[in-house]
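Residues per chain, in single letters:
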Amino acid sequence: MSVTPSLTARSTIADRFVPRSLAADAALIVGGAVLTALLAQVSIPMWPVWITGQTLAVLLVGATLGAVRGAISMGLYLVAGLIGVPVFTNWGSGFDTVTTPQFGYIIGFIASAALMGFFAQRGWDRSPLKAVAAFVLADAIIYPFGLAFLLLTLSRLGANPDFATVLRLGLVPFFVGDGIKIVIAAAALPLAWRLRR
């Protein structure tokens with residue numbers, strides 16, 4: 001009985017370029033967090049939540065590293081920001097970011113990278129249509145975290161927002177940008193697989 005098909009189905013694009021080792025995994029995890037930090041600085045200021053390039057990084061990190069390494073990378077990104085490394089949007093950091101409307105989305109990045117990695121390990125990132133579906137689902141999982149935290153933050157500020165207002169402020173403005181990021185990611189990953197064959 002051969003285990004090769006199973007291992008191949010569980011591999012990610014990173015595994016095709018970088019042989020697996022503890023050192024390689026650590027470097028890829030740190031690299032994913034750094035990429036997310038850099039794309040966090042590509043931003044459009046809005047209230048209460050800025051539009052940034054973070055989501056593109058999260059989707060690509062999950063797809064290239066897989067579920068476990070992707071989630072760890074986003075966890076590292078979150079912890080680094082909390083302890084003072086300037087990795088959040090506008091080079092922000094520190095425990096006071098927990099009280100900002102954006103923080104829920106950052107928590108959602110961990111779930112998003114894990115889900116995208118789960119799909120990638122099952123080959124969804126190798127064809128454009130499946131990649132789009134995977135990226136849409138992985139992107140969507142960020143919003144329950146972000147919207148819940150946004151509701152709590154606005155309520156704490158005395159705004160008493162209703163659900164429609166939270167959706168208008170925390171979801172609707174991101175449709176176009178997320179669509180563009182999903183198209184970029186869904187085009188890049190199948191192409192990378194074809195180039196590596």
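As the structure is a prediction and not an experimental result, all values here were calculated from the model.

Counting its secondary structure elements, the protein chain contains 10 helices and 2 strands. When the helices and strands of the protein chain are read in sequence order from the N terminus, they spell out α-α-α-β-β-α-α-α-α-α-α-α. Along the longest, intermediate and shortest principal axes, the C-alpha atoms of the protein chain span 60 × 35 × 30 Å. A total of 197 residues make up the protein chain; the buried ones form 46% of that total. Within the protein chain, contacts between residues separated by at least 24 positions form 71% of all contacts whose residues are at least 6 apart in sequence. As presented, the protein chain carries roughly 9,700 Å² of accessible surface, and 75% of it is formed by carbon and sulfur atoms. Treating the 13 positive side-chain charges of the protein chain as one cloud and the 7 negative ones as another, the clouds have centres 11 Å apart.

Take the nonpolar core next. Formed by 30 residues in total, the largest nonpolar core has its most connected members in Tyr77, Tyr105, Ile106, Phe109 and Leu150. Taken together, the elements giving at least two residues each to this core come down to α3 (22-40), α4 (54-65), α5 (67-82), α6 (103-120), α8 (142-156) and α9 (163-170). With 6 residues, the single largest contributor to this core is α8. For Tyr77, the contacting residues outside a window of four places in its chain are Ala33, Thr36, Ala37, Ala40, Gln54, Val87, Phe88, Ile106 and Phe109. Counting 17 residues, the second-largest nonpolar core is a separate cluster that includes Leu56, Ala63, Ile182 and Ala185.

Further remarks concern the confidence of the model for the protein chain. For the protein chain, per-residue confidence averages 88 on the pLDDT scale, and 94% of positions sit at 70 or higher. Summarising per-element confidence for the protein chain, the mean pLDDT is lowest in helix α1 (residues 4-10) (45) and highest in α5 (97). Here residues 1-9 scores under 50 on pLDDT; set against residues more than four positions off or in separate chains, the count is 6 contacts.

Residues Val30, Val34, Leu38, Leu76 and Trp91 make up a contiguous nonpolar surface patch of roughly 460 Å² in combined accessible area. The element contributing the most residues to the nonpolar patch is α3, with 3 residues. For Leu38, the location among the structural elements is in helix α3.

The rules we used
Residues numbered from 1 in each chain as written. Predicted model: local features only at pLDDT ≥ 70, side-chain atom pairs only at ≥ 80, totals over all residues. Heavy atoms only, no water. Helix = DSSP H or I, 4+ residues; strand = E, 2+ residues; numbered from the N terminus. Buried < 20%, exposed > 50% of the residue type's maximum accessible area, 1.4 Å probe, protein only. Contact = heavy atoms within 4.5 Å. Areas by Shrake-Rupley, 256 points an atom, 1.4 Å probe, with all protein chains shown as cover. Lys, Arg positive; Asp, Glu negative; His and termini not counted. Charge placed at Lys NZ, Arg CZ, Asp CG, Glu CD. Core = buried A, V, L, I, M, F, W, Y, C linked by side-chain atoms within 4.5 Å. pLDDT = per-residue confidence, 0-100. Patch = residues over 30% accessible without salt bridge, like charges linked within 9 Å, V, L, I, M, F, W, Y side chains within 5 Å. Salt bridge = Lys/Arg side-chain N within 4 Å of Asp/Glu carboxyl O.

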